[in-house]
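Okay, here's what each chain looks like letter by letter:
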Amino acid sequence: MATRTVVPFGPQHPVLPEPIQLRLTYEDEKVVEVTPVIGYGHRGIEKACELNEYAKNIYLCERVCGICSYQHSATVVEVMERLWPVELTPRINYLRTIWSEMARCHSHLLWLGLLADAFGFESMFMQFWRIREKVLDLLEQTTGHRVIQSVNIVGGVRRDIDEQQKKMIIDVLGVVRKDSQSLINTLTSDYTVKARTVGVGVITKEQAISLGCAGPTLRASGVSEDVRLTKYHAYGELNFEPIVETSGDCFARAVVRARELLQSIDLQLEALSKMPQGEIAVKVKGNPPANEAVMRTEAPRGELFYYAKGNGTRRLERMKIRTPTNANLPAVLVLLPGCQLADVPVNVLSIDPCISCTER
Amino acid sequence: MPVMLPTVLKNLFGGPATRLYPVTVREPFDNARGQITFNDDKCTLCGACALRCPADAISIDKEKKTLNFHPARCIVCEVCVLGCPSDAIDLGFKWRTPFYKKPLEVHEARGKKPRTPT
């Protein structure tokens, strides 16, 4: 008769960027059952959005997550702009696209480093984060802060990218691309990396669709779905195709994110070359009208969904946020039973858990 | 193994990627948001900054004619700087140093409201 042990994975674990507890029941090194315990990061942000004046919600909602902060900021501003609706200039859309892709670069570089750390490849973790410092310096020079950018306002953006900054961005992105490419070659061809990730944590295409996964977790199982195909911001004018892999294991999820990192650098360079001239902010008058609006964007982890309802006063009636890790967590509960003890960190990390997003 | 070799050689013969902190300090960029300072000579106590602050870090006391600022609550979002009609708030690019006790800055405003021509 095999012995069963219950081991708490988390809330503090070196592999997790944010706290979540998974109570794992083991039978001799094989996981049999998983019970999640969430609530360590809940701050009541949706309720706080109803108590603030509408313009202050931007500063609240961009602090839902530190890694995908720019996408939260761009989505909340756009959902409030859709209440009037406000007509934006093309330059505002291009600037928001460029900063969105820059934030995606830093998020994927962070995740690739954490994946290397999850199976002990610490030198690759340090190399990826060294490249990430260059992207964070770019964000600081163009928006003012490294992590929480605070550059969106209702009606536009607050800072502009001039010619000198544009040249600097192009130079730095060239260096980032070259360095990332050589590290990604190591990631995809090294046999130790493959031994820990190939065949581990397989999600089939039918399972991914029925569990409601989003983002790279879905695209690594063969489903070609990306919210950027709905042509919000300036994505309609850029040359964009979703990146899809078919094997559905942790290695496929790593390859999808690595290729998205390189694609995101190319999208930024293309957007910089095509950016039109124009105003960077549009005047918005009055309070949010009594209306409802919905906005979906592609955060680095998947589809981010915001719903706002105004009632004619300065305060919004309701703000609803549905983050991508909310949709990807059930996949972890299906992946873990049946896997070995040493595969648990790699499996949990492969969906890119952002628990502070889940428990806003 | 040869895939990682160029990175290994570059790291062996290049310098360290980290800075020796107290000796070399990282200078922030000119566009960075550092800390807020108030110019008492221009402030007219109109209260536009206190209305806009998302973190409730500024409060105005009209009887004592002072402006109270809590630097520990400030999130350096720059909304007060952009909203001040008398340009009395400056945004520097150097970050605040850490403190042991949360300070409270009390500013005596000395600016005069501009007279509108009749």
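What counts and how
Residues numbered from 1 in each chain as written. Chains lettered and ligands numbered in written order. Predicted model: local features only at pLDDT ≥ 70, side-chain atom pairs only at ≥ 80, totals over all residues. Helix = DSSP H or I, 4+ residues; strand = E, 2+ residues; numbered from the N terminus. Rg over C-alpha atoms; globule rule 2.2 N^0.38 Å. Buried ≥ 20, exposed ≤ 12 C-beta atoms within 10 Å, placed from the backbone. Contact = placed C-beta atoms within 7 Å. Pairing = 2+ DSSP bridges. Axes fitted to C-alpha atoms, helices over the stretch in contact; angles between N-to-C directions. Expected span 1.5 Å × (residues − 1). pLDDT = per-residue confidence, 0-100. Core = buried A, V, L, I, M, F, W, Y, C linked by C-beta atoms within 7 Å. Arc of directions from axis to C-beta. Nonpolar A, V, L, I, M, F, W, Y, C, P; charged D, E, K, R; others polar. Parallel < 35°, antiparallel > 145°, perpendicular 65-115°, else oblique. Left-handed = near helix turned anticlockwise from the far one by under 90°.

**So, the overall build of chain B**
The number of helices and strands found in chain B is three helices and five strands. Going from the N terminus to the C terminus, chain B shows its helices and strands as α-β-α-β-β-α-β-β. For chain B, the C-alpha radius of gyration of 22 Å lies well beyond 13 Å, the compact-globule estimate for 118 residues. Based on the C-alpha atoms only, the size of chain B along its principal axes is roughly 80 × 35 × 25 Å. Among the 118 residues that make up chain B, the fraction classed as buried is 16%. A fraction of 73% describes how many contacts in chain B between residues 6 or more apart in sequence connect residues 24 or more apart.

**A short note on the sheet that holds strand 2 (residues 58-61) of chain B**
All names here are of chain B. Spatially, 2-3-5 is the arrangement adopted by the three strands of the open sheet, whose pairing is antiparallel. The two strands at the open ends of the sheet, each matched to only one other strand, are strand 2 and strand 5 (105-108). Sheet twist, expressed as the mean angle between neighbouring strand axes with direction ignored, is 20°. Examined bridge by bridge, strand 3 (residues 66-69) and strand 5 share four bridges and lie antiparallel to one another. If you follow Leu67 over to strand 5, its bridge partner there is His107.

**Thoughts on helix 11 (residues 324-335) of chain A**
Under the 1.5 Å per step criterion, the end-to-end length of helix 11 of chain A is 17 Å for twelve residues, consistent within 8% with the ideal 16 Å. Turning to helix 11 of chain A, its buried residues number three or more, namely Pro324, Thr325, Asn326, Ala327, Asn328, Leu329, Ala331, Val332 and Leu335 of chain A.

**Considerations on the confidence of the model for chain B**
Caution applies to low-pLDDT parts of the model: their predicted coordinates are not meant to be read in detail. Here chain B averages 82 in pLDDT, while 92% of its residues score no lower than 70. Interface confidence for the predicted complex, given as ipTM, is 0.83, next to a pTM of 0.90.

**Here we look at the nonpolar core**
Met80, Met102, Leu109 and Leu112 of chain A together with Cys80 of chain B are the most contacted members of the largest nonpolar core, which totals 112 residues. Those residues in contact with Met80 of chain A that sit more than four places away from it in its chain are Tyr54, Val154, Pro288 and Ala308 of chain A.

**Description of helix 5 (residues 122-143) of chain A**
For an α-helix the count is 3.6 residues per turn, leaving residues at separations of three or four pointing the same way. The first and last C-alpha atoms of helix 5 of chain A sit 31 Å apart over 22 residues, in line with the 32 Å expected at 1.5 Å per residue. Within helix 5 of chain A, burial applies to Met124, Gln127, Phe128, Ile131, Arg132, Val135, Leu138, Leu139, Thr142 and Thr143 of chain A. Down the axis of helix 5 of chain A, the buried side of the element spans an arc of 145°, and every buried residue falls inside it. Away from its buried face by more than 90 degrees, helix 5 of chain A exposes Glu122 and Ser123 of chain A. For helix 5 of chain A, the secondary structure elements touched by its buried residues are helix 4 (90-118) and helix 6 (163-189) of chain A together with helix 1 (5-13) of chain B. Where helix 5 of chain A ends, the next residue or the one after it, Gly144 of chain A, has phi of about 120°, a positive value.

**Observations concerning the interface of chain B and chain A**
How big an interface is tends to be stated in terms of the accessible area lost upon association of its parts. Taken together, the contacts link 13 residues of chain B with 14 residues of chain A. Its residues assigned to classes, the side of chain B that touches chain A shows nine nonpolar, two polar and two charged.

**Points about the packing of helix 6 of chain A against helix 10 (residues 250-274) of chain A**
Residues and elements named next belong to chain A. The interhelical angle for the contact between helix 6 and helix 10, taken along N-to-C directions, is 165°, at an axis separation of 10 Å. Classified by the angle between their axes, helix 6 and helix 10 sit roughly antiparallel to one another. Relative to helix 10, the crossing made by helix 6 is left-handed. Along the contact surface, helix 6 presents Lys166, Ile169, Ile170, Leu173, Val176, Arg177, Ser180, Gln181, Ile184, Leu187 and Thr188, while helix 10 presents Ala254, Val255, Ala258, Leu261, Leu262, Ile265, Gln268, Leu269 and Leu272. Partitioning the contact of helix 6 with helix 10 into residue classes produces 14 nonpolar, four polar and two charged.

**A closer look at the pairing of strand 3 of chain B**
All names here are of chain B. Every second residue of strand 3 is oriented toward a common face, the buried set being Leu67 and Phe69 and the non-buried set Thr66 and Asn68. With four bridges joining them, strand 2 and strand 3 adopt antiparallel strand pairing. From the neighbouring strand, Ile60 faces strand 3, where its bridge partner is Leu67. Counted along the chain from strand 2 to the antiparallel partner strand 3, the turn is four residues long, and its residue Lys65 has a positive phi close to 55°.

**Structural notes on the sheet that holds strand 1 (residues 4-9) of chain A**
Residue and element names in this part refer to chain A. Sheet architecture is open: three strands sit in the order 1-2-3, paired in antiparallel fashion. Whereas interior strands pair on both sides, the edge strands pair on one side only; in this sheet they are strand 1 and strand 3 (30-37). Pairs of neighbouring strands in the sheet enclose a mean axial angle of 20°, with direction left out of account. As judged from the six bridges shared by strand 1 and strand 2 (residues 21-27), these two strands associate in the antiparallel manner. Its bridge partner being in strand 2, Val6 is matched across the sheet by Thr25.

**Some words on the environment of Arg104 of chain A**
All names here are of chain A. With respect to the helices and strands, the residue Arg104 is situated in helix 4. Judged by the 26 C-beta atoms lying within 10 Å of it, Arg104 falls in the buried class. Each C-alpha atom, one on Arg104 and one on Glu260, is 8.7 Å from the other, the two residues being 156 residues apart in sequence. If we ignore the near neighbours within four places in the chain, the residues touching Arg104 are Ser264 and Pro300.

**Describing the environment of Thr89 of chain A**
Residue and element names in this part refer to chain A. Position of Thr89 among the secondary structure elements: in the loop between helix 3 (69-81) and helix 4. Of the residues examined, Thr89 has 16 C-beta atoms within 10 Å and is grouped as partly exposed. On a C-alpha basis, the gap between Thr89 and Ser100 in space is 17 Å, while along the polypeptide they are eleven residues apart. Not counting the four nearest positions on each side in its chain, Thr89 is found in contact with Gly278, Glu279 and Val282.

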